[in-house]
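# Structural features, examined
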Amino acid sequence: MTAVGATKPAKSEFNPYYERYIALVPDGDVISTLATQIGETLDLLRGLPLSISSYRYAPGKWSVNELVGHVIDTERIFAGRALRFARNDPAPLPSMEQDDYVRNSTFNSYPLSELASELEVVRQSTIFLFKHMDEPAWTRRGVANNNEVSVRALAYIIAGHELHHREILRSRYL
C-alpha cells in the first residue's frame, strides 16, 4: 500500500524551478520509483567503456564522471534536507552551488564503475530514509536556498534529477 505522503507533491510544496524534475517522475509511490529506476541508470553506467569517463560533450561541460558525481552529491544533499525537515528541524538550509562542488571534487580520479557503485549505495540509503518515514514526516516542510519545500517534494526532486541527468548522458555524451 502506498503511503499518502509518498505521492506526488502539490505545486505549492516546492519552488517552480523543480517542476522540470518532478514532472519526469511517474505518479504513484516515489519509494518504488526510486528503487526501480536506479537499475536502468546503473545498467547504463556499467555498460559504458572506461574511455568515456573523461569525455566532455563541449568545452567547459562536465565529464561523464563529473556528471555522475554531481548526481551523487545532489542526492546526498537533498536527502539530508529531507531528513532534517522530516525531523522538524526549523533551521533554514543554504543553497548548493553545483559547479563549485564539481570543481572541488576528485570524481575524475577514480573509475566510473566505482562511481556507479557509490551511486547505488547512496540510493539504497535514500530509499531506507524515505521508507521509514511516518505520514506526518512526508508533508513537513523546511526552507532550503530561501525556498520552502516539503519532504515529499524532495523525494520527487531526487528521482527526477536522476532521470534528467540520465537523459543528458544519453543525448549529449553517447
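What this report covers is the structure whose coordinates are included nearby.

### Digging into the layout of surface pockets
- One number sums up the size of the largest pocket: a volume of about 300 Å³.
- What lines the largest pocket is a set of 15 residues, among which Lys 61, Trp 62, Gln 98, His 165 and Ile 168 lie closest to the centre.
- When residues of the lining of the largest pocket are traced back to their parent elements, those giving at least two are α1 (19-22), α4 (98-103) and α7 (151-173).
- Per-element tally for the lining of the largest pocket: the top contributor is α7, with five residues.
- Approximately 230 Å³ is the volume attributed to the second largest pocket.
- Forming the walls of the second largest pocket are 13 residues, and the residues nearest its centre are Tyr 17, Tyr 18, Phe 78, Met 96 and Gln 98.

### Examining the nonpolar core
- Formed by 34 residues in total, the largest nonpolar core has its most connected members in Val 30, Phe 130, Met 133 and Trp 138.
- At the level of secondary structure, the elements contributing two or more residues to this core comprise α1, α2 (30-46), α3 (64-86), α5 (112-131), α6 (135-139) and α7.
- By residue number, the principal contributor to this core is α7, which donates nine residues.
- Not counting the four nearest positions on each side in its chain, Val 30 is found in contact with Ala 6, Trp 138, Ala 155, Tyr 156 and Ala 159.
- Counting 23 residues, the second largest nonpolar core, distinct from the first, contains Val 71, Phe 107, Leu 112 and Leu 115.

### Quick word on the pattern of salt bridges
- Scanning the model with the defined rule gives 14 salt bridges in all.
- One salt bridge in this structure joins Glu 118 and Arg 76, with 2.9 Å as the shortest N-O distance. Pair noted here: Glu 118 is in helix α5 and Arg 76 is in helix α3, with a separation of 42 residues, a long-range link.
- The shortest N-O distance in the salt bridge between Arg 84 and Asp 89 comes to 2.8 Å.
- A relative accessible area of 33% places Arg 84 in the partly exposed class.
- Look at Asp 89 and you get partly exposed, because its relative accessible area is 25%.
- Each member of the salt-bridge network shares a partner with another, and the members are Glu 40, Glu 75, Arg 123, Glu 162, Arg 166 and Arg 170.

### Points about the packing of α3 against α5
- The interhelical angle for the contact between α3 and α5, taken along N-to-C directions, is 15°, at an axis separation of 10 Å. The angle between α3 and α5 places the two elements in the roughly parallel class. Crossing angle aside, the handedness with which α3 passes α5 is left-handed. Contact residues: α3 offers Val 64, Asn 65, Val 68, Gly 69, Val 71, Ile 72, Glu 75, Arg 76, Ala 79, Ala 82 and Leu 83, while α5 offers Leu 112, Leu 115, Glu 118, Leu 119, Val 122, Arg 123, Thr 126, Leu 129 and Phe 130.
- Taken together, the residues of the contact of α3 with α5 break down into 13 nonpolar, three polar and four charged.

### Digging into empty space enclosed by the protein
- Using the criterion set out here, one finds three cavities of 30 Å³ or more in the structure.
- Phe 14, Asn 15, Tyr 18, Phe 78, Arg 81, Ala 144, Asn 145, Asn 147, Glu 148, Val 149, Leu 154 and Ile 157 are the residues that line the largest cavity.
- Contributing elements (two or more residues each) for the lining of the largest cavity: α3, β2 (147-150) and α7.
- What the second largest cavity holds in volume is close to 70 Å³.
- Lining the second largest cavity we find Thr 41, Leu 44, Leu 45, Leu 67, Val 68, Val 71, Leu 119, Glu 162, His 165, Arg 166 and Leu 169.
- Of all the secondary-structure elements, those providing two or more residues to the lining of the second largest cavity are α2, α3 and α7.
- Ranked by residues supplied to the lining of the second largest cavity, first place goes to α7 with four residues.

Criteria and cut-off values
- Residues numbered from 1 in each chain as written.
- Predicted model: local features only at pLDDT ≥ 70, side-chain atom pairs only at ≥ 80, totals over all residues.
- Heavy atoms only, no water.
- 1 Å grid on protein atoms, 1.4 Å probe; cavity = no way out; pocket = protein on both sides within 12 Å on 5 of 7 lines; lining within 4 Å.
- Points joined across faces, edges and corners; volume = space filled by probe spheres on them.
- Helix = DSSP H or I, 4+ residues; strand = E, 2+ residues; numbered from the N terminus.
- Core = buried A, V, L, I, M, F, W, Y, C linked by side-chain atoms within 4.5 Å.
- Buried < 20%, exposed > 50% of the residue type's maximum accessible area, 1.4 Å probe, protein only.
- Contact = heavy atoms within 4.5 Å.
- Salt bridge = Lys/Arg side-chain N within 4 Å of Asp/Glu carboxyl O.
- Axes fitted to C-alpha atoms, helices over the stretch in contact; angles between N-to-C directions.
- Parallel < 35°, antiparallel > 145°, perpendicular 65-115°, else oblique.
- Left-handed = near helix turned anticlockwise from the far one by under 90°.
- Nonpolar A, V, L, I, M, F, W, Y, C, P; charged D, E, K, R; others polar.

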